[in-house]
Amino acid sequence: MDLSPRLSSILILVFLLTITTSFAEIRKSEIRSDDRPIIPLDEFGFTHTGRLELDASKISLSNTNPDLDLSKVGFFLCTRDAWVHVIQQLEEEEITCALQSDLVKHVFTFNKLNNKNSSSFSTVFTENDADQCSLVFANCLQSVKVSMDVRSAMYNRDGNGRDYLSAGRTVLPKVYFLFSITYFSLAATWIYVLYKKRLTVFAIHFFMLGVVVLKASNLLCEAEDKSYIKKTGNAHGWDVLFYIFNFLKGITLFTLIVLIGTGWSFLKPYLQDKEKKVLMIVIPLQVVANFAQVVIDETGPYGQDWVTWKQIFLLVDVVCCCAVLFPIVWSIKNLREAAKTDGKAAVNLVKLTLFRHYYIVVICYIYFTRVVVYALETITSYKYMWTSVVASEVATLAFYLFTGYKFRPEVHNPYFVVDDDEEEAAAEALKLEDEFEL
């Protein structure tokens, strides 16, 4: 067997093991005429009471030669650390197939089929070692394509019941529910603020309310989604509602950042052409990002295009995050130029400082939720994977609170009386260009 394509597939698997989330609901996979030597199916964090139920049907091989060594075709469980050593064994030619390694746990190999013509099997594997493992299908027969339907269910025994959520994520239903209550409370508070200061409310403030309500609804649906998966292994339709609200939340949040960055509604009643173009870029990209997320979640890592969709999602997310910064930069530039001509240095200094702070906060929010949270997922033990979710949601909540507080409705008179000393001090501050450089 040619080593290069095999090792290429192995490296892909290592990449998948790094980025695959381990919710592990009952998963059904359809493999059709696939000759990949390694096909990752799912990942799960086991406790000492772990179980794997594996069923395969409609099994067929492109080569029906009865002399095929079917012990080189089958399913196994492997931890991340063990897989690194398996790669070394393959590179050093100690073994020619991952199934030959003593570091993997065999779940089922095709030589155990009742007879050569058998097209299905069902097995239960008990995992008593607490660790995060990946379920992998290996086909070490050269130029042999495999087709089958696979049903896998990984869970931990919880008293008399089953917990289909990976260890370290089993508390997520409670986490999402608590955050949803927090956002619904925040929405109620915002409604009260809008009512009390209704004379100074702009359209952007109602838009902000909509974003908070969508975020709360999204978290509630995700809490129910994970709760049903935890108990039954299936989302029972809550995943559809989650995708809908997640789609709306993503579009409205990025749109809100763009609108605030342009100063729409509270500074000016219109959008410039270049600002409209940013929205025309961000909104379609968010549609693509949400579609990619659905494909990633629903197909699983066994799909041949799974890695491609993952890369598309990451690329689109980065582009959106960069695009929303431009309107804030433009507003800062316009305020700086206006301060030199309209004679209202003190007023413009306040606005300029506000937008500059918002620019910094948006960058911090994007960096934390995209980079720091990913780093937490990578370095944190699988038993504490919930901490990365909490960190992300806390950062998001802090960003919402900052945005709401800084851009809350309030009585603001751009022609308020400023004494000469304050005006001169503001003018001097505005001359310090380096202080406001981005």
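Report follows, based on the coordinates. Predicted model only: the values in this text are computed from it and were never measured. (Residues numbered from 1 in each chain as written. Predicted model: local features only at pLDDT ≥ 70, side-chain atom pairs only at ≥ 80, totals over all residues. Heavy atoms only, no water.)

### Quick look at the environment of Val316
Where we set the bar: Helix and strand definitions here come from DSSP, where helices need a minimum of 4 consecutive H or I residues and strands a minimum of 2 consecutive E residues; each element is numbered from the N-terminal end. By definition in these notes, contact holds between two residues if any of their heavy atoms fall within 4.5 Å.
Mapped onto the fold, Val316 is located in helix α7 (residues 306-323). Expressed as a C-alpha distance, the spacing of Val316 and Gln286, which sit 30 residues apart in the sequence, is 7.5 Å. If near-sequence neighbours (up to four positions away) are discounted, Val316 is found in contact with Leu285, Val288 and Ala289.

### Brief notes about the pairing of strand β8 (residues 146-158)
The test is simple: Classification of residues uses two cut-offs on accessible area relative to the type maximum, computed with a 1.4 Å probe and protein chains only: under 20% is buried, over 50% is exposed, and between them is partly exposed. A strand pair is defined by DSSP finding two or more bridges across the two strands.
Burial analysis of β8 places 10 of its 13 residues in the buried class, the great majority of the element. With six bridges joining them, strand β1 (residues 27-34) and β8 adopt antiparallel strand pairing. Bridge pairing in β8 links Lys28 to Arg151. Pairing of strand β3 (residues 50-61) with β8 involves 10 bridges; the strand directions are antiparallel. By the bridge assignment, Ser57 is partnered in β8 with Asp149.

### Section: the pattern of salt bridges
Formally: Any Lys or Arg side-chain nitrogen found within 4 Å of a carboxyl oxygen on Asp or Glu counts as a salt bridge.
Per the counting criterion, the structure on display carries 13 salt bridges. Arg27 is the partner of Asp42 in a salt bridge, and the nearest nitrogen-oxygen pair spans 3.3 Å. In this pair, Asp42 is assigned in strand β2 (residues 38-46) and Arg27 in strand β1, connecting sequence segments 15 residues apart. A single burial state applies to Asp42 and to Arg27, both of which are buried.

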